[in-house]
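Per-entry structural report
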Amino acid sequence: MSAGLPRKKDTIEIVRRGLKKRHAAARRFKFTGVAAVGMSLFFLSLLFVSIFSKGYSAFRQTYVHLDVSIDPEILGVGAHPDMNALANGDYGGLRKAALRTMFPEVKKRREKRALYQLVSSGADYQLRDAVMADPALIGTTLSLWVPADDDVDMLIKGHIRRELPEDDRRLKDYQIAWIDRLVAAGRIENRFNTILFTAGDSRDPEQAGILGALVGSLFTMLVTLSLSFPIGIAAAIYLEEFAPRNRWSDFIEVNINNLAAVPSIVFGLLGLVIFLTYFDLPRSAPLVGGLVLTLMTLPTIIIASRAALASVPPSIREAALGIGASPMQTLLFHVLPLALPGVLTGTIIGMARALGETAPLLMIGMVAFIVDIPTGIFDPSTVLPVQIYLWADSPERGFVERTSAAIMVLLIFLIVMNALAVILRKSFERRW
Amino acid sequence: MMSLDSLLPETGSIDNKTDHKTVAPSFKTVGEFKLKDPRISCQNIVVRYGEKLAINGLSLDIGRNEVLAMIGPSGCGKSTFLRCINRMNDTIEGCRVTGKIMMDGQDINSPEIDTVPLRAQVGMVFQKPNPFPKSIRENVAFGPKIHGFVETKAELEEIVENSLKRAGLWKEVKDRLDQPGTSLSGGQQQRLCIARTIAVNPEVILMDEPCSALDPIATAIIEELIYELKKDYTICIVTHSMQQASRVSQRTAYFHLGELIEVGDTKQIFMNPKNRLTEDYITGRFG
């Protein structure tokens, strides 16, 4: 035995002495990990609870039951009007008349105006659509549920407190009295809020929906995916498989890595200058949004795809080349299928980031107030995160719950997108 | 242990030579490195990995329908030499091969030669079994498919069956052709790789230590297979096992530090080596 080593009997004693300390260190190490995971879970659940508790009420909306007599005189059309005249009729007048009939004692001008405010002006469009679909309704009385104004909605949901002094709340005492009468008469009901999922943005919370932003996000993501996925893979394949290693390829690599860290607002500015000013593409369009997000996503996809390609065992390449496969055949039949799970993971990460991106889209005008639901990638539109930003910025109490509801929809969109990608990745995964 | 330098040919340490033109031809080689009617004739091969010299002016002929075994200590350049013959060294960055490799009157080392048909003609079996992570059938069918050997599915099935039969694997896998090739045992995987090589119908098969990852039973099966294949193919095999070389080959070449030291009839090399380096190696004094 060498001189420096302790005697055999002593060694086990020395090992024993240190054992307690070693195990304690291992336990501490494990505990740190568990604590980190636990903390993340706690904050995540806090986030979900806060969003859900604020937003769930947005999925219900207060409706008022109106009996509207479709009087051609109030409407301002003749007995047999054409469609054009019908489209321009005074449906607001019908709504007001219906409310007056319900509360005949209201005579004062100011009170009348307060009365009219109980029902959303969105009811006018509902009336118009009904009459234009069936002109025979003219002269009859139409009985229908129309959305209440957001203030009424907030009162019913308990967000406007009755015990506050009259001057501090948005509804006057007499308005609350009318609402109570409507509730007593069974003319107010809390129903599922279909408007939230079928309408575009609006200044009135009760008429605002997220469909426009959802469709805008969908179009933007489609543009981003269909550009960044093929370009990213092509670039990664060239750089990893074919490009000679020299100063140029080093230069390109460094630049791609740098681009991945560039703040997204810079890409927005780039898009503003290049796509809008120079190429004169339409403002606020998902096309431009998608292009900007493509620029932003590309580095992520390229870096991930290159790593995935590099991790394919060289033996597979040699096997294919050894039986005379051309480099392209080797790549398409063997290397790429094995790299695909990694490539898809990179794409998911890039797309998820792009979906939640707001800043660059502000620069190219996707922050505009857009009521119409986009029908293509050239239509002006907004996207979910920008819609959340816009609603979070709005003063009306009704938008608070809608902001949370929009966040929920964004999260669901994200989960669906990721789940799809995970399923796709699983089906490509192979062991070797 | 005696100094190796004293045993080396007088050209001295090869790492000092960076210009291959100054390298003397392998006149030091003992034995008949030239053949009358060779299948492949390699002349003055020099291989460099960057600045490192891996093969130093090596000339060796490979005969028709013979099994040529290459032995030698690790890092002596046998695998590198093998990979010259089907240009697999092209895939290694910084690797430069000079010299002539004549096959059917063509220098296959010239940059104008297309490696795709060359590799179909000169197949390769690697050290570690490397089946594609696909079904057994697809593993064998890939080569014929990409080269366009077959037009119908039946023809392809026939090639798959014949190749697996020739590789001695058919009986074991005929009922599970759709299972992944990676699910086979190591020896079966290596035979699958041989079947995959045969399916392309090459003339020369290069084997780079095909049994080094296999147990003795699987090794014996592969050796038998090599013996069978010899009838139709020219086979070059790199091996670390001297018993294997003596069992399967007709000619044996002994490599040492990037040079071909001795080549000749296998029996003669093992029974009566002429060079002392060869003798020391095969008697187990080093390597």
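Given the structure is predicted, the values throughout are model-derived calculations rather than measurements.

Bringing the overall build of chain A into the picture now. Within chain A, the regular secondary structure consists of 18 helices and three strands. With the principal axes as the frame, chain A shows a C-alpha extent of 110 × 60 × 35 Å. Taking all 432 residues of chain A together, 44% fall into the buried category. When the accessible surface of chain A is totalled, it reaches about 23100 Å², and 64% of it is carbon and sulfur.

So, about the sheet that holds strand S4 (residues 95-103) of chain B. Residue and element names in this part refer to chain B. On the basis of which strands lie adjacent, the open sheet formed by four strands has the order S2-S1-S4-S5 and antiparallel pairing. The sheet is open, and its two edges are formed by strand S2 (52-62) and strand S5 (106-107), each paired on a single side. Alignment of strand S1 (residues 40-49) against S4, held across eight bridges, turns out to be antiparallel. Residue pairing in the sheet places Val47 in a bridge with Val97 of S4. The sheet contacts of helix H1 (residues 78-85) involve S1, S2 and S4, and relative to S1 the element is tilted by about 120 degrees.

On to the interface of chain A and chain B, then. Every contact between the two is made by 19 residues of chain A and, on the other side, 24 residues of chain B. Summing both sides of the interface, chain A and chain B together bury roughly 1800 Å²; the carbon and sulfur share of this comes to 65%. Considering only the surface of chain A that becomes buried against chain B, Glu318, Ile323 and His334 of chain A emerge as the three largest contributors, covering 34% of it. Where chain A meets chain B, there are one salt bridge. Summed over the shared surface of chain A and chain B, the number is four residue pairs in polar contact (both at pLDDT 80 or more).

Residues and elements named next belong to chain A. By the assigned domains, chain A splits into domain 1 (59-193) and domain 2 (211-428). Centre-to-centre, using C-alpha coordinates, domain 1 lies 46 Å away from domain 2. Each partner contributes to the interface: domain 1 provides eight residues, whereas domain 2 provides seven residues. Together domain 1 and domain 2 conceal approximately 580 Å² of surface at their shared face, both sides included; 53% is due to carbon and sulfur atoms. For domain 1, the biggest contributors to the area lost against domain 2 are Phe59, Met154 and His159; these three give 63% of the whole. The interface formed by domain 1 and domain 2 includes one salt bridge. Linking Glu401 and Lys157 is a salt bridge whose minimum nitrogen-to-oxygen distance equals 2.7 Å. The tally of links from domain 1 across to domain 2 stands at three residue pairs in polar contact (both at pLDDT 80 or more). Per-element tally for the side of domain 1 that touches domain 2: the top contributor is helix H7 (residues 150-157), with four residues.

Within soluble globular proteins, side chains that are nonpolar tend to cluster in buried spots. The biggest cluster of nonpolar side chains holds 42 residues, and the ones touching the most others in it are Leu164, Ile194, Met207, Ile226, Leu229 and Ile235 of chain B. Not counting residues up to four positions away in its chain, the partners in contact with Met207 of chain B are Leu82, Val125, Ile194, Ile226, Leu229, Ile235, Cys236, Ile237 and Val238 of chain B. With 38 residues, the next largest nonpolar core counts Leu99, Ala114, Ala123 and Met154 of chain A among its residues.

Evaluation of the coordinates by the stated rule reveals 29 salt bridges over all chains. Put simply, Asp178 of chain B and Arg137 of chain B hold a salt bridge, and the shortest N to O gap is 2.5 Å. In this pair, Asp178 of chain B sits in the loop between helix H5 (170-173) and helix H6 (186-199) while Arg137 of chain B sits in helix H3 (residues 136-147), placing the two residues 41 residues apart along the sequence. Look at Asp178 of chain B and you get exposed, because its relative accessible area is 59%. Residue Arg137 of chain B is classed as partly exposed on the basis of its relative accessible area of 24%. Arg247 of chain B serves as the salt-bridge partner of Glu223 of chain B, at 2.5 Å between the closest nitrogen and oxygen. Of this pair, Glu223 of chain B sits in helix H7 (residues 216-229) while Arg247 of chain B sits in helix H8 (residues 242-248), and the two are 24 residues apart along the sequence. The class of Glu223 of chain B is buried, set by a relative accessible area of 8%. In this structure, a network of salt bridges that share partners links the residues Asp153, Lys157, Glu401 and Arg402 of chain A.

Before going further, it helps to spend a moment on a nonpolar patch on the surface. Together, Val37, Leu41, Leu44, Leu47 and Phe48 of chain A make up an exposed nonpolar region whose accessible area comes to about 460 Å². Residue placement: Leu47 of chain A occurs in helix H1 (residues 8-55).

Residues and elements named next belong to chain B. Where S4 lies against S5, two bridges are found, and the strand directions are antiparallel. Paired with Met103 across the two strands is Gln106, which belongs to S5. As consecutive antiparallel partners, S4 and S5 are separated by two residues, and within that stretch Asp104 has a phi angle of approximately 50 degrees, a positive value.

Residues and elements named next belong to chain A. What the three strands build is an open sheet, ordered S2-S1-S3; its pairing is antiparallel. Of all strands in the sheet, those bounded by a partner on one side alone are strand S2 (141-147) and strand S3 (188-192). Ignoring which end each strand starts from, the neighbouring axes of this sheet average 35 degrees apart.

Turning our attention to H3 of chain B. By the burial criterion, the buried members of H3 of chain B are Ile136, Asn139, Val140, Ala141, Phe142, Gly143, Pro144 and Ile146 of chain B. Where H3 of chain B terminates, the next one or two residues include Gly148 of chain B, which has phi positive at roughly 70 degrees.

Reading the values: rules and limits
- Residues numbered from 1 in each chain as written.
- Chains lettered and ligands numbered in written order.
- Predicted model: local features only at pLDDT ≥ 70, side-chain atom pairs only at ≥ 80, totals over all residues.
- Heavy atoms only, no water.
- Helix = DSSP H or I, 4+ residues; strand = E, 2+ residues; numbered from the N terminus.
- Buried < 20%, exposed > 50% of the residue type's maximum accessible area, 1.4 Å probe, protein only.
- Areas by Shrake-Rupley, 256 points an atom, 1.4 Å probe, with all protein chains shown as cover.
- Pairing = 2+ DSSP bridges.
- Contact = heavy atoms within 4.5 Å.
- Axes fitted to C-alpha atoms, helices over the stretch in contact; angles between N-to-C directions.
- Buried area = accessible area lost by both parts, 1.4 Å probe.
- Salt bridge = Lys/Arg side-chain N within 4 Å of Asp/Glu carboxyl O.
- Polar contact = N/O pair within 3.5 Å; in protein donor to acceptor, adjacent residues only side chain to side chain.
- Domains from an automatic or database assignment.
- Core = buried A, V, L, I, M, F, W, Y, C linked by side-chain atoms within 4.5 Å.
- Patch = residues over 30% accessible without salt bridge, like charges linked within 9 Å, V, L, I, M, F, W, Y side chains within 5 Å.

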